[in-house]
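Commentary on secondary and tertiary structure
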Amino acid sequence: FFFCNAGLLELSLGKFRNVLLNQTNPVEAVIRNIASNVTVVIFQVHAQQSDVVISFDKNPSVNSSGTGVDKGLVSILRPQQTVCTWYLRSLDASQVLSTALSIPYMEKDPIPGGCNLEFDLEVDPNIYLDYTLVDIHIKFAPANLGYMRGANPPSCDSGTGQNSRWRLHYDVYQYFLPENDLSEMMLMSHIRKMSEVQSIRANGIKMLSLTADDKTNVYFSSLPGQGVIYNVIVWDPLWNTSAAYIPVHTYACSLTDLVDNCSSLSKLSTKVVFTAFGVLGLFACFFGHRFWKTDLFFMGFIVSGFFFFVFVTRVTGLGYDVRLILTAVAGITGGLFLVASWWRFGSVLLCMFIIGLVLGFLFSSTVFFTPLGDYKVFRDDVVFWVTFSSAALMIPVLFVGCPRILNILASGIVGSYAVILAIACYVYTSLAYITLDLLRRVLNDYFSRAYTNVPFQTNDFIVLSVWAMLAISGITVQLRRERSEVPFPPHPYLTWKRERERRSTNVLDPSHHIPPLRERIHNKLLHIKEFFQKEQPAGERTPLLL
């Protein structure tokens, strides 16, 4: 890396330069000796978190400058022009590290943002990004056809034939920065891979293609704390030429806030609840079938907690911490209710249907977590939910004849995934989005338009291995231990009734002579009272007989 913090920055076409910017002294960026076959130069500058002003003039105006962390300008070259100049400065009082790049294009290359009608610049090659905790929205101006120096630009609205800008196609690319690395130098080194056409195609993930008839805005699922770079390549099929817009990056969180910043995304309430949930899941993973009531409580907690959180989020405006605590209470109540229902009615079939639905829910969520979930057909909510529900219901239907196997599989797989959710509170992993993206779709009416691609890097492979190891170990241990046992415990209520009737009719049974509970408690209290009474002195306790 080479740094420049002087007032003049000499650039070469296609070469990156790092530059330190400040608020008071603008840096003049200059490119000299531009070849005559170059018709357009796109100049861009990138910073991590502090806004940078880039302009054609030393005193920037709205129509000749751009402000942001990822900004660029298009210079349309005049005949005989060999020099281009731009001005850079930061809006921050302290020095800001940035990287600058200029890319040349020829007369047959399309011009990004050449048909801008929405933003301030006449030709605007920038991608505009905004985010929430749920989704990321990018939008950009349509491109125009390339043309030679000194000629008038092709009309943007003269027609829709093959000789107009309507023949252009747009490819949207996504690139993930390394997980758990929020450093400036990491961003500067990787944003270079998403700046030029060839490197974008080599390193980026092509998410979708748009035609000139489509709206030039796209939605993605938000990944707070994970750095992502987006860019768009415009392609002219007639000349088979391409040009790149200005890449834009986001972490979907604030790097500067003192609270809830990119380094401390998980709230304390989230850590407490999901750590306890993970411990319970770990127990269910290895001992779920043996401790049947605990397993029922675990599954009931998941079902009631999920539906209650959806309800309270949709209906009320309560804060996140309050909703999470109420959800935990509702989950405990639901778990106890399922255990009580089993004790009273003893319906294995009903309990196994609920447990099978939980496993089916996780299975279906995992299927849509794959690239299959980004297929255009699933943008339709009806198609998505019918397919999702069918996949979820398939699990209890397939295992209807072997409920013990179903319960062991469910406790092993779901229990081990609960451990993964607990790990995700402390270390970033994309596996948490298996269920989180589904929750987002339930809670947000417009999340269906978002592409849900996530990174899969070293952390994710390690966590996936942990999940697989726990699930396989838990299932194996339970299958070996339970193979000689009865499939399920007997009906607890009927067992209790039979035992009570046996004791009341069989006088030879020692338990028949056990006093009632009330009398036993009273005797126990008397015994405790006598234990604390002061001992009487030894000796004669009656008057002497005269």
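Everything below is about the structure printed above this text.
Residues numbered from 1 in each chain as written. Predicted model: local features only at pLDDT ≥ 70, side-chain atom pairs only at ≥ 80, totals over all residues. Heavy atoms only, no water.

What follows concerns the overall build of the protein chain. Secondary structure summary: the protein chain contains 12 helices and 19 strands in total. For the protein chain, buried positions account for 48% of its 546 residues. Taking contacts inside the protein chain between residues at least 6 apart in sequence as the whole, the part at least 24 apart equals 76%. As presented, the protein chain carries roughly 28,000 Å² of accessible surface, and 62% of it is formed by carbon and sulfur atoms. (Helix = DSSP H or I, 4+ residues; strand = E, 2+ residues; numbered from the N terminus. Buried < 20%, exposed > 50% of the residue type's maximum accessible area, 1.4 Å probe, protein only. Contact = heavy atoms within 4.5 Å. Areas by Shrake-Rupley, 256 points an atom, 1.4 Å probe, with all protein chains shown as cover.)

This brings us to the side chain of Ser242. Residue placement: Ser242 occurs in strand β17 (residues 241-244). When residues no more than four places from it in sequence are discounted, the contact partners of Ser242 are Tyr105, Asp109, Pro110, Val197, Arg201, Ile233, Val234 and Trp235.

Under the counting rule described, the total for this entry stands at 25 aromatic pairs. Between Phe220 and Tyr451, the aromatic rings sit 6.0 Å apart at their centres with planes inclined by 40°, giving tilted as the arrangement. Of the two residues, Phe220 is situated in strand β15 (residues 217-221) and Tyr451 in strand β19 (residues 450-451); the sequence distance between them amounts to 231 residues. Across this residue pair, the class does not change: Phe220 and Tyr451 are buried. An aromatic cluster is built from Phe306, Phe307, Phe361, Phe368, Phe378, Phe384, Trp385 and Phe388, whose rings are joined through pairwise contacts. Positioned over the ring face of Tyr451 is Arg379, at 4.1 Å from the centre of the ring. Stacked on the ring of Phe384, the Lys or Arg Arg441 has its end atom at 3.8 Å from the ring centre. (Phe/Tyr/Trp six-rings, centres within 6.5 Å; stacked < 30°, edge-to-face > 60°. Lys NZ or Arg CZ within 6 Å of the ring centre and 35° of its normal.)

For the rest of this paragraph, the subject is the sheet that holds β15. Two modes of strand pairing occur in sheets, parallel and antiparallel, and in both the strands are linked by backbone hydrogen bonds. Strand order in the open sheet formed by four strands is β11-β12-β15-β19, with mixed pairing between adjacent strands. For this open sheet the edge positions go to β11 (127-131) and β19, each flanked by a neighbour on one side alone. Here β15 runs beside β19; their pairing, made up of two bridges, is parallel. Across the sheet, residue Phe220 finds its bridge partner in β19, namely Tyr451. (Pairing = 2+ DSSP bridges.)

Honestly, that's just the spatial picture; any functional story needs more than this.
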